[in-house]
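Take a look at the letters that make up each chain.
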Amino acid sequence: MAISLSELLKATQRTSLARRMDALRLIRRALGLIGTQTPQAQPPVGPAPVLKEKMQVEEVAVQPRLALQARPVSFTEHDFQFADACYAYRLYLPGPVDTDTLLPAPSPLVVLLHGCQQDAADFAQGTAMNELAEQKKCIVLYPEQLSKANSMRCWNWFETAHQERHAGEPGMIAALTRQVIQSHNADPARVYIAGLSAGGAMAAVVAGLYPELFAALGVHSGIPTGAASDVASALSAMRRGARRPALAEEKEGVMPTIVFHGSADKTVHPDNGDQIADAALAALGASGLALKKIQRTEESAASTGSSRSALRTLYRAADGKSYVEHWSVGSGPHAWSGGNTAGTFTDPQGPDASQAMLEFFLQHHK
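Values in this document were obtained by computation on a predicted structure and should not be read as measured data.

Definitions and cut-offs
- Residues numbered from 1 in each chain as written.
- Predicted model: local features only at pLDDT ≥ 70, side-chain atom pairs only at ≥ 80, totals over all residues.
- Heavy atoms only, no water.
- Helix = DSSP H or I, 4+ residues; strand = E, 2+ residues; numbered from the N terminus.
- Areas by Shrake-Rupley, 256 points an atom, 1.4 Å probe, with all protein chains shown as cover.
- Disulfide = S-S within 2.5 Å.
- Buried < 20%, exposed > 50% of the residue type's maximum accessible area, 1.4 Å probe, protein only.
- Pairing = 2+ DSSP bridges.
- Right-handed = clockwise from strand over helix to strand, strands pointing away.
- pLDDT = per-residue confidence, 0-100.
- Contact = heavy atoms within 4.5 Å.
- 1 Å grid on protein atoms, 1.4 Å probe; cavity = no way out; pocket = protein on both sides within 12 Å on 5 of 7 lines; lining within 4 Å.
- Points joined across faces, edges and corners; volume = space filled by probe spheres on them.
- Nonpolar A, V, L, I, M, F, W, Y, C, P; charged D, E, K, R; others polar.
- Axes fitted to C-alpha atoms, helices over the stretch in contact; angles between N-to-C directions.
- Phe/Tyr/Trp six-rings, centres within 6.5 Å; stacked < 30°, edge-to-face > 60°.
- Salt bridge = Lys/Arg side-chain N within 4 Å of Asp/Glu carboxyl O.

Engineer: Quick question: what am I supposed to make of the overall build of the protein here?
Structural biologist: Scanning the protein from N- to C-terminus turns up 10 helices and 12 strands. Approximately 18,300 Å² of the protein is accessible, and the part contributed by carbon and sulfur atoms is 54%.

This is how it looks when you write it as structure tokens:
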């Protein structure tokens with residue numbers, strides 16, 4: 001049965017909802033028959049009505065997309081395989097972020113390396129970084145040293161096997177950091193690393209080896225990169241300070257750096273803090289960045305009845321960002337300044353190093 005073009009057009013003019021479906025069936029049959037005939041040139045007759053009907057059917061079928069569920073707060077323990085070893089680590093994920101969009105905004109990531117005789121859980125308690133990270137919606141990663149790698153659980157920053165890119169403990173820390181970035185929606189432009197004592201020394205090593213991965217460095221009571229190559233030279237640097245010129249060539253990339261060191265530290269000589277700050281300043285100066293030196297005294301907000309002040313030396317650029325900060329904590333011991341006594345090696349009387357570091361970090365991005 002053939003259907004003429006006039007009948008086809010009449011079918012599209014039926015307005016009754018019950019008859020529109022009949023018309024649609026007629027149109028489809030007509031197009032099927034017309035499609036089997038030899039094509040002939042026809043004058044344009046406007047948009048094909050069948051396209052309008054098909055569009056209406058598709059619009060009815062579309063379902064609204066649902067936003068992703070908000071991420072819950074968590075502080076969990078995990079394992080990470082690197083080379084022939086299995087490392088434990090803890091990970092803090094902040095609470096709900098922006099749920100107005102389909103995907104939560106990427107979060108900054110802070111990598112914290114504990115000191116000797118500590119582990120990840122202890123360091124998290126002592127620094128109280130998770131509480132601050134919740135306010136700023138940051139992820140915090142706490143890698144943990146193996147007791148079989150060092151009986152005191154110190155990071156082996158002083159061994160040459162752990163001072164090379166893609167190898168040893170720096171390779172593990174960098175690989176774990178990249179895994180967390182990929183698995184937990186961390187912002188690769190806002191990744192920071194810090195540590196205490198041996199952890200601070202290792203943080204400096206890792207930041208120097210992977211300047212493309214980290215946007216800023218924090219070192220608390222640590223030792224500058226390259227100050228030691230064995231146990232004997234490590235002990236010498238710890239007792240007397242690293243006696244090395246702060247040359248810009250020593251760092252592969254420009255790294256904003258914040259340093260905390262107690263002036264009464266009997267474990268790691270305070271001169272090491274000066275060396276770390278000077279090396280960062282030299283590298284930034286060699287890059288052509290003009291910095292203005294500012295000094296001020298910062299008082300602790302400790303609620304213990306006694307407090308310590310710190311001489312804070314900042315080097316600030318024209319954009320208002322501080323690129324190097326050195327906090328010399330007056331009479332401060334070898335401990336995390338402003339830390340919580342629930343953790344080991346903490347000094348609750350000092351200015352809050354966790355808050356100062358996080359504020360410094362979040363100024364910077366890749």
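Structure's up, so let's keep going.
Engineer: Help me understand the state of the cysteines, please; the structure alone is not making it clear to me.
Structural biologist: Every disulfide links exactly two cysteines, by a covalent bond between their sulfur atoms. The final tally for this structure, using the stated rule, is 1 disulfide. Covalent S-S linkage joins Cys116 and Cys154, the inter-sulfur distance amounting to 2.0 Å. Between Cys116 and Cys154 the disulfide shows an S-S torsion of about 125 degrees. By sign, it is right-handed. Separated by 38 residues along the polypeptide, Cys116 in the loop between strand 3 (107-113) and helix 4 (120-127) and Cys154 in the loop between strand 4 (139-143) and helix 6 (168-183) bring together distant segments of the chain.

Engineer: Mind showing me how you'd approach the pairing of strand 5 (residues 186-196) here?
Structural biologist: Walk down a regular strand and you will see the side chains alternate between the two sheet faces. Along strand 5, 8 of the 11 residues are buried, which leaves the element largely enclosed by surrounding structure. Across 6 bridges, strand 3 lies against strand 5 in parallel orientation. Bridge assignment links Val111 to a residue of strand 5, and that residue is Ile193. Sheet topology note: the strand 5/strand 6 (residues 216-220) ladder contains 5 bridges and is parallel. Looking at strand 6, one finds that Ile193 is bridged to Leu217. You can see the chain leave strand 5, run along helix 7 (residues 198-209) and come back into strand 6, and the turn it takes is right-handed.

Engineer: I tried to follow the confidence of the model for the protein on my own but got confused; where do I start?
Structural biologist: Predicted coordinates in regions of low pLDDT should not be interpreted in detail. On average, residues of the protein score 83 in pLDDT, and 74% of them are at 70 or above. Per-residue pLDDT stays below 50 along residues 1-21; that stretch engages in 21 contacts with residues further than four places along the chain or on separate chains. Taken as a whole, residues 26-69 scores under 50 in pLDDT and shows 25 contacts with residues more than four places along the chain or in a different chain.

Engineer: Got a minute to help me understand empty space enclosed by the protein in this structure?
Structural biologist: Left-over empty space is what a probe sized like a water molecule reveals as it rolls over the atoms. For the coordinates displayed, the defined rule picks out 2 cavities of 30 Å³ or more. There is about 50 Å³ of room inside the largest cavity. Surrounding the largest cavity, Trp157, Gln163, Ala201, Val205, Ile223, Pro224, Thr225, Gly226, Ala227 and Ala228 form its lining. Looking at the lining of the largest cavity, its residues break down into 7 nonpolar, 3 polar and no charged.

Engineer: When you look at the sheet that holds strand 1 (residues 74-82) in this model, what are you seeing that I'm missing?
Structural biologist: Pairing between the strands of a sheet is mediated by backbone hydrogen bonds and can be parallel or antiparallel. Strand order in the open sheet made by the 10 strands is 1-2-4-3-5-6-7-10-9-8, with mixed pairing throughout. The open sheet has two edge strands with one neighbour each: strand 1 and strand 8 (292-299). Looking at each pair of strands side by side, their axes are set apart by 20 degrees on average, direction ignored. Strands strand 1, strand 2 (85-93), strand 3, strand 4 and strand 5 of the sheet are contacted by helix 4, whose axis makes an angle of about 135 degrees with strand 4.

Engineer: Looking at this structure, I do not really get the packing of aromatic side chains. What am I missing?
Structural biologist: Aromatic rings considered in pairs are described by the distance between their centres and by the relative angle of their planes. This structure, assessed with the given rule, holds 6 aromatic pairs. Between Phe75 and Tyr142, the aromatic rings sit 5.8 Å apart at their centres with planes inclined by 70 degrees, giving edge-to-face as the arrangement. Here the residue Phe75 occupies a position in strand 1, and Tyr142 occupies one in strand 4, the gap between them amounting to 67 residues. On the basis of an interplanar angle of 90 degrees and a centroid distance of 5.5 Å, the ring pair of Phe123 and Trp336 is categorised as edge-to-face. Pair noted here: Phe123 is in helix 4 and Trp336 is in strand 11 (residues 336-337), with a separation of 213 residues, a long-range link.

Engineer: Help me understand the environment of Leu176, please; the structure alone is not making it clear to me.
Structural biologist: For Leu176, the position within the fold is in helix 6. Leu176 sits 89 residues away from Tyr87 along the chain, and the two C-alpha atoms are 9.6 Å apart. For Leu176, the residues in contact, after removing those within four places along its chain, are Phe80, Tyr89, Leu141 and Pro143.

Engineer: Would you take a moment to explain the environment of Ala301 for this structure?
Structural biologist: If you trace the backbone, Ala301 turns up in the loop between strand 8 and strand 9 (309-316). A residue is classified by how much of its surface remains accessible, and Ala301, at 78% relative accessible area, is exposed.

Engineer: Whenever I open this one, the pattern of salt bridges confuses me. Can you help?
Structural biologist: Where side chains of opposite charge bring their charged atoms close, a pairing between them can arise. According to the stated counting rule, one finds 9 salt bridges in the structure shown. A salt bridge links Arg90 to Glu77, with the shortest nitrogen-to-oxygen separation between them at 3.5 Å. One end of the pair, Arg90, is in strand 2; the other, Glu77, is in strand 1, with 13 residues separating them in the sequence. Across the salt bridge formed by Arg178 and Glu212, the nearest N and O atoms sit 3.1 Å from each other. Of the two residues, Arg178 sits in helix 6 while Glu212 sits in the loop between helix 7 and strand 6, which places them 34 residues apart along the sequence. For Arg178, a relative accessible area of 30% corresponds to the partly exposed category. Salt bridges here are not isolated pairs; linked through shared partners, they connect Arg165, Arg178 and Glu212.

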